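Each chain, written out:
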Amino acid sequence: MKTSRWIKLIGILCIVFGSLGIIYNISFFFTTQWINDTWPEVTPERLKWLELQAYFGFFVNTIYLIAGVFFLRKKPFSLNLMYGALTISILYVVIPLFFIEPNNSFLFVLIGPIIDLVLLIGVYRIRNYYYESPSEVVKLFGEITLAPAKLKLMTLLGVLFISIPILMQCLWIYAFNLADNQFDRVAILYSYLPEFLHGQYVASYLALTFCLLAIILSRISMKLPGVLWKSLNVITLIISSILLLLSLFQLM
């Protein structure tokens, strides 16, 4: 993909993720009473720690969003600002993990840092062409050549990955229609899910992960010849993108 397209993609993703992060951080301060009522096991000390994280998260996500804006505008300091924003965002999530006990949602917390790491690799790979050659073709992970059989396997894996978020959305619609209040709806949904998916936002993070994997696999497999395989990848890509946006909306 050309440098100019990578710049737009990375910049827009940073703006979107930064905006969602800011909205989440702000919304936290309006839900502290709800947290106390819903999870009485949360101690005042734990709640203060969460508030401190929200304040610092607001700062981190603001820098994240600003970096995305300036990255699109190609200012002289844009590259260094993007390096700093992505690094701070990774450390903001990773460092606290060394001071808490692992739980069922531990792995899902790492999704954000992994995405930031991929974006950081992308920024590093296009650094030499960022200001000078917008038409330069840059492959972020080098030249990738796969046999048709492997591309077909990746297509089927993409379909498998996207079937999981589809199933979860269907379960939520079913649970939504069975109850009249949110508490009962969530309880019904949890009755169909394994225990490690019962945490807040864990199911959304899982759906987000599988959507991203499906998008990546279907995008790579678009090189396959044949109407059937191309159509299958296009459908997977479209559905994955829609469910990805839906999962992001549910995290707000």
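Residues numbered from 1 in each chain as written. Predicted model: local features only at pLDDT ≥ 70, side-chain atom pairs only at ≥ 80, totals over all residues. Heavy atoms only, no water.

J.: I'd love a proper account of the side chain of Thr236, names of residues and values included.
T.: Of note, Thr236 is situated in helix α10 (residues 227-250). Classification of Thr236 as buried rests on a relative accessible area of 5%. With sequence-adjacent residues up to four places away left out, Thr236 is seen in contact with Gly158, Val159, Ile162, Ala214 and Ser218. (Helix = DSSP H or I, 4+ residues; strand = E, 2+ residues; numbered from the N terminus. Buried < 20%, exposed > 50% of the residue type's maximum accessible area, 1.4 Å probe, protein only. Contact = heavy atoms within 4.5 Å.)

J.: Outline the packing of aromatic side chains, supporting the account with residue identities and numerical values.
T.: Inspection of the entire model under this criterion finds eight aromatic pairs. Judged by centre distance (4.6 Å) and plane angle (80°), the ring pair of Tyr130 and Tyr131 falls under edge-to-face. On the basis of relative accessible area, Tyr131 is assigned to the partly exposed category, the value being 39%. The rings of Phe56, Phe59 and Tyr92 are connected pair by pair, giving a single aromatic cluster. Against the face of Tyr124 rests Arg127, its NZ or CZ located 3.7 Å from the ring centre. (Phe/Tyr/Trp six-rings, centres within 6.5 Å; stacked < 30°, edge-to-face > 60°. Lys NZ or Arg CZ within 6 Å of the ring centre and 35° of its normal.)

J.: Could you give me a rundown of the environment of Ile12, with the residues and numbers involved?
T.: Position of Ile12 relative to the elements: it lies in helix α1 (residues 3-28). Residue classification places Ile12 among the partly exposed residues on the basis of a relative accessible area of 47%. Put simply, Ile12 and Phe71 are 59 residues apart on the chain and 9.2 Å apart in space, counted from C-alpha to C-alpha.

J.: Kindly report on the packing of α1 against helix α6 (residues 111-125), identifying the contributing residues and their values.
T.: Where α1 contacts α6, the two axes come as close as 11 Å, and the packing angle between them is 150°. What the angle tells us is that α1 and α6 run roughly antiparallel. With respect to the hand of their crossing, α1 and α6 are arranged in left-handed fashion. Across from Ile10, Leu13, Cys14 and Phe17 in α1, the residues of α6 making contact are Ile115, Leu119, Gly122 and Val123. (Axes fitted to C-alpha atoms, helices over the stretch in contact; angles between N-to-C directions. Parallel < 35°, antiparallel > 145°, perpendicular 65-115°, else oblique. Left-handed = near helix turned anticlockwise from the far one by under 90°.)

J.: Explain a nonpolar patch on the surface to me, and be specific about the residues and the numbers.
T.: Taken together, Ile26, Phe29, Phe30, Tyr55 and Phe58 make up a surface patch of nonpolar side chains, about 550 Å² in accessible area. Looking at the secondary structure, you find Phe58 in helix α3 (residues 44-73). On the basis of relative accessible area, Phe58 is assigned to the partly exposed category, the value being 36%. (Patch = residues over 30% accessible without salt bridge, like charges linked within 9 Å, V, L, I, M, F, W, Y side chains within 5 Å. Areas by Shrake-Rupley, 256 points an atom, 1.4 Å probe, with all protein chains shown as cover. Salt bridge = Lys/Arg side-chain N within 4 Å of Asp/Glu carboxyl O.)

J.: Let's hear about the environment of Leu79: which residues, and what values?
T.: Within the element layout of this structure, Leu79 appears in helix α4 (residues 78-97). Along the backbone, Leu79 and Tyr131 are 52 residues apart, and their C-alpha atoms lie at a distance of 9.9 Å. The residues contacting Leu79, other than those within four sequence positions of it, are Phe71, Val123, Arg127, Tyr130 and Tyr131.

J.: Describe in detail α4, supporting the description with residues and values.
T.: Every α-helix winds through 3.6 residues per turn, so residues three or four apart in the chain are directed the same way. Look at α4: 29 Å from first C-alpha to last across 20 residues, which is about the 28 Å you get at 1.5 Å a residue. The largest bend in α4 is about 25°, located at Leu91. Taken together, the buried positions of α4 are Ser78, Leu79, Met82, Ala85, Leu86, Ser89, Ile90, Pro96 and Leu97. (Expected span 1.5 Å × (residues − 1). Bend = angle between axes of the 7 residues up to and from the residue.)

J.: Please give an account of the environment of Ser191 that cites residues and values.
T.: As for its position among the elements, Ser191 is in helix α8 (residues 182-192). With 16 residues separating them in the primary sequence, Ser191 and Ala175 have C-alpha atoms 9.8 Å apart. In this structure the side chain of Ser191 is engaged in a polar contact, spanning 2.4 Å, whose partner is the backbone oxygen of Ile188. (Polar contact = N/O pair within 3.5 Å; in protein donor to acceptor, adjacent residues only side chain to side chain.)

J.: Got a sec to walk through the confidence of the model for the chain? Specific residues and values, please.
T.: On average, residues of the chain score 80 in pLDDT, and 80% of them are at 70 or above. Least confident of the elements in the chain is helix α5 (residues 106-109), whose mean pLDDT is 58; most confident is α4, at 89. (pLDDT = per-residue confidence, 0-100.)

J.: Could you give an account of the side chain of Asp116, naming the residues involved and the relevant values?
T.: Mapped onto the secondary structure, Asp116 falls in helix α6. Buried within the structure, Asp116 lacks any salt-bridge partner; its nearest side chain of opposite charge belongs to Arg125, at an N-O separation of 18 Å. A distance of 2.6 Å separates a polar atom in the side chain of Asp116 from a polar atom in the side chain of Tyr64. (Lys, Arg positive; Asp, Glu negative; His and termini not counted.)

J.: Can you lay out unusual backbone geometry for me, pointing to particular residues and giving the numbers?
T.: In the Ramachandran plot, Lys74 falls in the positive-phi region, its phi being about 60° despite a non-glycine side chain. Examined against the element boundaries, Lys74 turns out to sit in the loop between α3 and α4.

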